[in-house]
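Take a look at the letters that make up each chain.
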Amino acid sequence: MSTGWRADSSEVIGSALARLGIAADGEAFVRALAARAPVGVFLADRLGNCLYANDRMRELTGLQLAQMLGTGWREALHPDEAGSILTGWAAAIRGGSAFVQAQRYVRPRGDVVWVEKTVSPIHNAEGDLTGWAGVCVDVTDRHESEKRYHDLVENARDAIYTADPTGRLLSANRAAEEVSGYSREELLGMSLFDLIAPEELERAGELLARALAGFGGETIEMELLAKDGHRIWAEARYRAVEENGQIVRFEGIARETTERHTLQEQLSHQAFHDQLTGLPNRALLVDRLGHALAGAERLGKRVAVMLLDLDNFKLVNDSLGHDVGDSLLGAIAPRLLESVRTGDTVARLGGDEFAFVVESFRDERELADLAKRIVDAFERPFEAGGGVHRVTASLGIAVAHGGETAAGVLRNADTAMYSAKAARRGGFELFDDGMRRRLVRELELRDGLADAIEKEALELYFQPILSLADGGVLALEALVRWPHPEWGWVQPTEFIPVAESDRLIVSLGRFVLGQAIARAADWHACYPGALPLGVFVNVSPTELAAPDFVHFVASTLETHGLASDRLGIEVTERVFIGERDRQAGDSLAALAEMGVRISLDDFGTGYSALASLKRFPFTALKIDRFFIRAIRGPEDEAPISRAIVSLGRSLGLTVIAEGVETAVQAERLRRLGCDAAQGFHFARPQPAAAVAAYLEEPRARVRTAAG
Ligand code: C2E
Ligand code: CA
Ligand code: CA
């Protein structure tokens, strides 16, 4: 319990000494205390000459009392401190006031002792300074741990620093010097902000404000500026140090992460860019488009996506090799970048497909101008693989209002692009409502068709192919029909392309082949002399490329007992474009080997080289009805039909004219030397039951059967 004592300690000691019967000068007391104290005690005269030292003092210095007296004690001083310590003493003596001093003694055995020395003046009754009383405490342990700590900081691999609340550096270790390139003297005059890259200053200021507001202990990564101007990435952890409720300094530890950062940047660049062109890839485009769409919805703006696809790039790859194809793509990328404006994104989606995201445009006019500029960029040829190449591209544009998904907008742009491709090479098209309707229709058709194939609800019609020499029926072409319960008759021109864009064409084709072969077998059994060239079936490239196609044909023929030369297949020039080329060629060769007849359909509309005519085992050529329609009078020059007829004959092929609608055309073709014809002039495609009538006579004549 407190007694409320407020007395001066010297009065207390006086009364205490008196009660203990110790003389007022306290000599006995001092003796007793000094002898037993666990600290060094000494007495010195005014000038610092030692007059007395207790046992502990002698232990601390390692000297005998006799050696210590006078100025002898200085022998114990560590050589490094002798000078400074003496000047300290000198100052203290002049001032005559108490002082605390740290000192190192070296004992005769060589070991060092750190002491903290507290020295108080002694005054006589008149108040004159007569001498000094000193107390020395051994602080070697504390000193060593401080030194260890200092060494640890100094030699740390991480930069360690302290800074005042404004960011001015108070201390920095060697690693801080190494990382920054500044010397310690320079660093201590600087602010942390002098070391931060200009773009990061704002963020750094915010972080400092946060720390001052008491949010601390954060780990941050920041770009710094070294003395020589080069940039470094560093990760720093720091905390604010409080004293009496106030932030007095920051302590921080920072580590250079430049290498890790660069690697991360490279990796993320690789993940989001196309290696070949360096352009953003599909993932990055979809990401940016997603952001653009979200922004557009918020701001009530519009975003346009353009999809660009090179025309016939497959041919380049197939004929010149992939290396040339790659270097061509590499040459195209910068041209695309040149044609867009800053702010537009150009990406490579893969293959020969590129996409643009256009975030700021006034109206469709402006988009069309941009699209034209992009398409026009293909007018100049490209240098690639040591050669000069001309390519054209088709561009589809879709405009979004922000509510759509990135995938949806890309799909619309894709639809528009295909429509541009179909319309004309090297053009662009804007996705519109008409396209949307066609798209919906296409989806409906696809579903309905899958259903119809499964239910075998398709029907075959047959159109006779006649000899122009004598009007005899040489063959029947099977043409598929789809009677839909709601839509009525759906035309193959509408549903075949839909089936071809899907694997549906394969099952559709097998249904048609199965039916056609079955009918042909029936007719052959009933009218053995009829149809010398058999039944012709149209086959799509996808069907032909299916590896088991030949096997399917062979086994179906066998099932129905039909000789293979009673079957003909019609293929178009499209068969020779693209990667299916080889497999299709193999199938054709195998079928020809079996004796199946092969006609090249729609001849003249595609762009197959004449070489493929010789390379593949065709037996007939069909002149497209586009050229037949051009024949208007009995003396018409009909240059193309004439050329095709002579080409076919020179290759030993049967030449068949399609879409013959008038007697004039039939007669003109006969005089040109065309072998056979089919068309509304002779007969329309009709159901199996109706065509049987033409087969009853071996040399059926259908010249008048048109209608
Ligand atoms: P295609 O192979 O060129 O078939 C001839 C088309 O011309 C048929 O149209 C036929 O009805 C029509 N045609 C015949 N004579 C005349 C004429 O005098 N004037 C006019 N303007 N047209 C005539 P269809 O039946 O509509 O078939 C269209 C196309 O659909 C066919 O063209 C063929 O490429 C494809 N196709 C039809 N059936 C099949 C099939 O079973 N499989 C495959 N893969 N495609 C088929
Ligand atoms: Ca045909
Ligand atoms: Ca045709």
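Residues numbered from 1 in each chain as written. Chains lettered and ligands numbered in written order. Predicted model: local features only at pLDDT ≥ 70, side-chain atom pairs only at ≥ 80, totals over all residues. Heavy atoms only, no water.

## Considerations on the coordination of the calcium ion (ligand 2)
Ideal geometry at a metal gives 109.5 degrees between four tetrahedral donors and either 90 or 180 degrees between six octahedral ones.
Phase 1 of the analysis: Bound to the calcium ion (ligand 2) are the protein donor atoms Glu477 (OE), Asn538 (OD1), Glu570 (OE) and Asp601 (OD), situated 2.1 to 2.3 Å from the metal.
Phase 2 of the analysis: Sequence spacing among the residues donating to the calcium ion (ligand 2) works out to E-x60-N-x31-E-x30-D.
Phase 3 of the analysis: The distance between the calcium ion (ligand 2) and the calcium ion (ligand 3) is 3.9 Å, with Asp601 acting as a donor to both metals. In this pair, Glu570 sits in strand 22 (residues 567-571) while Asp601 sits in strand 23 (residues 597-603), placing the two residues 31 residues apart along the sequence.
Phase 4 of the analysis: Note on Glu570: relative accessible area 2%, which makes it buried. (Donors = N, O, S within 2.8 Å, 3.2 Å for Na, K, Ca; no water. Helix = DSSP H or I, 4+ residues; strand = E, 2+ residues; numbered from the N terminus. Buried < 20%, exposed > 50% of the residue type's maximum accessible area, 1.4 Å probe, protein only.)

## Focus on the packing of helix 16 (residues 433-454) against helix 18 (residues 504-526)
Phase 1 of the analysis: Look at helix 16 against helix 18: their axes get within 10 Å of each other, and the N-to-C directions meet at 35 degrees. Seen along the crossing, helix 16 lies across helix 18 with a hand that is left-handed. Counting all contacts with helix 16, which are made through Arg446, Leu449, Ala450 and Ile453, the residues of helix 18 involved are Leu504, Ser507 and Leu508. (Axes fitted to C-alpha atoms, helices over the stretch in contact; angles between N-to-C directions. Left-handed = near helix turned anticlockwise from the far one by under 90°. Contact = heavy atoms within 4.5 Å.)

## Some points on the site of ligand 1
Phase 1 of the analysis: Inspection of the region around ligand 1 gives 22 residues, with Gln463, Arg481, Arg625, Glu661 and Phe680 positioned closest.
Phase 2 of the analysis: In this structure, Ser540 approaches ligand 1 through a side-chain N or O atom, which is 3.1 Å from a nitrogen atom.
Phase 3 of the analysis: In the environment of ligand 1, an oxygen atom lies 2.8 Å from a nitrogen or oxygen atom belonging to the side chain of Arg625.
Phase 4 of the analysis: Compared with its free state, where it exposes 790 Å², ligand 1 has 86% of that area covered by protein.
Phase 5 of the analysis: Residue assignment for the shell around ligand 1 shows that the elements contributing at least two residues are strand 19 (473-484), helix 17 (492-500) and strand 23.
Phase 6 of the analysis: Per element, the largest residue contribution to the shell around ligand 1 is four residues, and it comes from strand 19. (Near = heavy atom within 4 Å. Polar contact = N/O pair within 3.5 Å; in protein donor to acceptor, adjacent residues only side chain to side chain. Areas by Shrake-Rupley, 256 points an atom, 1.4 Å probe, with all protein chains shown as cover.)

## Thoughts on the coordination of the calcium ion (ligand 3)
Phase 1 of the analysis: Around the calcium ion (ligand 3), the protein contributes the donor atoms Asp601 (OD), Asp602 (OD), Glu658 (OE) and Glu658 (OE), which lie 2.1 to 2.5 Å from the metal centre.
Phase 2 of the analysis: Residue classification places Asp601 among the buried positions, given a relative accessible area of 6%.

## Quick notes on the pattern of salt bridges
Phase 1 of the analysis: Applying the stated criterion across every chain, the model contains 42 salt bridges.
Phase 2 of the analysis: Arg302 is paired through a salt bridge with Glu364; the nearest N and O atoms lie 3.1 Å apart. Here Arg302 is found in the loop between helix 11 (282-299) and strand 11 (303-310), whereas its partner Glu364 is found in helix 14 (residues 364-376), with 62 residues between them in sequence.
Phase 3 of the analysis: Here Glu364 falls in the partly exposed class, since its relative accessible area comes to 33%.
Phase 4 of the analysis: Notably, a salt bridge pairs Arg649 with Asp675, separated by 3.9 Å at the nearest N-O pair. Taken together, the positions of Arg649 in helix 24 (residues 639-650) and Asp675 in the loop between helix 25 (663-672) and strand 26 (676-677) put the pair 26 residues apart, joining distant regions of the chain. (Salt bridge = Lys/Arg side-chain N within 4 Å of Asp/Glu carboxyl O.)

## Brief notes about empty space enclosed by the protein
Phase 1 of the analysis: Overall, the coordinates contain three cavities of 30 Å³ or more when judged by the stated rule.
Phase 2 of the analysis: The volume enclosed by the largest cavity comes to roughly 530 Å³.
Phase 3 of the analysis: Taken together, 29 residues line the largest cavity, and the ones lying closest to its centre are Tyr161, Leu192, Ile196, Leu224 and Ala236.
Phase 4 of the analysis: For the lining of the largest cavity, the secondary structure elements donating two or more residues are strand 6 (159-163), strand 7 (169-172), helix 7 (174-180), helix 9 (201-212), strand 8 (219-225), strand 9 (231-243) and strand 10 (246-256).
Phase 5 of the analysis: At five residues, the largest contribution of residues to the lining of the largest cavity is made by strand 9.
Phase 6 of the analysis: Per-class residue counts for the lining of the largest cavity are 25 nonpolar, one polar and three charged.
Phase 7 of the analysis: By volume, the second largest cavity amounts to about 100 Å³.
Phase 8 of the analysis: As for the second largest cavity, its lining consists of Phe42, Ala44, Gly48, Cys50, Met57, Thr61, Met68, Trp73, Ala76, Trp89, Tyr105 and Lys117. (1 Å grid on protein atoms, 1.4 Å probe; cavity = no way out; pocket = protein on both sides within 12 Å on 5 of 7 lines; lining within 4 Å. Points joined across faces, edges and corners; volume = space filled by probe spheres on them. Nonpolar A, V, L, I, M, F, W, Y, C, P; charged D, E, K, R; others polar.)

## Focus on the domain arrangement of the chain
Phase 1 of the analysis: Domain annotation for the chain reports domain 1 (9-138), domain 2 (156-256), domain 3 (264-431) and domain 4 (442-706).
Phase 2 of the analysis: When each unit is reduced to the centre of its C-alpha atoms, the spacing between domain 2 and domain 4 is 82 Å. (Domains from an automatic or database assignment.)

## Structural notes on the layout of surface pockets
Phase 1 of the analysis: Its volume calculated, the second largest pocket comes out at about 590 Å³.
Phase 2 of the analysis: Val30, Val41, Leu43, Ile122 and Ala133 are, among the 17 residues lining the second largest pocket, the residues nearest its centre.
Phase 3 of the analysis: By residue class, the composition of the lining of the second largest pocket is twelve nonpolar, three polar and two charged.

## A short note on helix 20 (residues 549-560)
Phase 1 of the analysis: With twelve residues, helix 20 should cover 16 Å at 1.5 Å per step; its first-to-last C-alpha distance of 17 Å lies within 8% of that length.
Phase 2 of the analysis: Burial in helix 20 covers these residues: Phe549, Val550, Phe552, Val553, Thr556 and Leu557. When helix 20 is viewed along its axis, its buried side chains cluster within an angular range of 165 degrees and face the same direction. Opposite the packed face of helix 20, turned more than 90 degrees from it, sit the exposed residues His551, Glu558 and Thr559.
Phase 3 of the analysis: Positive phi shows up at Gly561, right after helix 20, with a value of about 65 degrees. (Expected span 1.5 Å × (residues − 1). Arc of directions from axis to C-beta.)

## Observations concerning the sheet that holds strand 1 (residues 40-45)
Phase 1 of the analysis: Strands sit in the order 2-1-5-4-3 across an open sheet of five strands; the sheet is antiparallel. The outermost strands of the open sheet, each flanked by one partner alone, are strand 2 (50-53) and strand 3 (99-106). The sheet shows a mean angle of 25 degrees between the axes of neighbouring strands, taken without regard to direction.
Phase 2 of the analysis: For strand 1 and strand 2, the ladder comprises three bridges, and the chain directions are antiparallel. By the bridge assignment for strand 2, Ala44 is matched with Cys50.
Phase 3 of the analysis: Its contacts with the sheet put helix 6 (residues 140-155) on strand 4 (112-123) and strand 5 (129-138), and the angle it makes with strand 4 is roughly 125 degrees. (Pairing = 2+ DSSP bridges.)

## Some thoughts on the pairing of strand 25 (residues 654-657)
Phase 1 of the analysis: Alignment of strand 24 (residues 620-623) against strand 25, held across four bridges, turns out to be parallel. For Leu621, the partnering residue across the bridge sits in strand 25 and is Val655.
Phase 2 of the analysis: With two bridges connecting them, strand 25 and strand 26 associate as parallel partners. Directly across from Ile656, in strand 26, lies its bridge partner Ala676.
Phase 3 of the analysis: For the crossover that starts at strand 25, traverses helix 25 and ends in the parallel strand 26, the hand is right-handed. (Right-handed = clockwise from strand over helix to strand, strands pointing away.)

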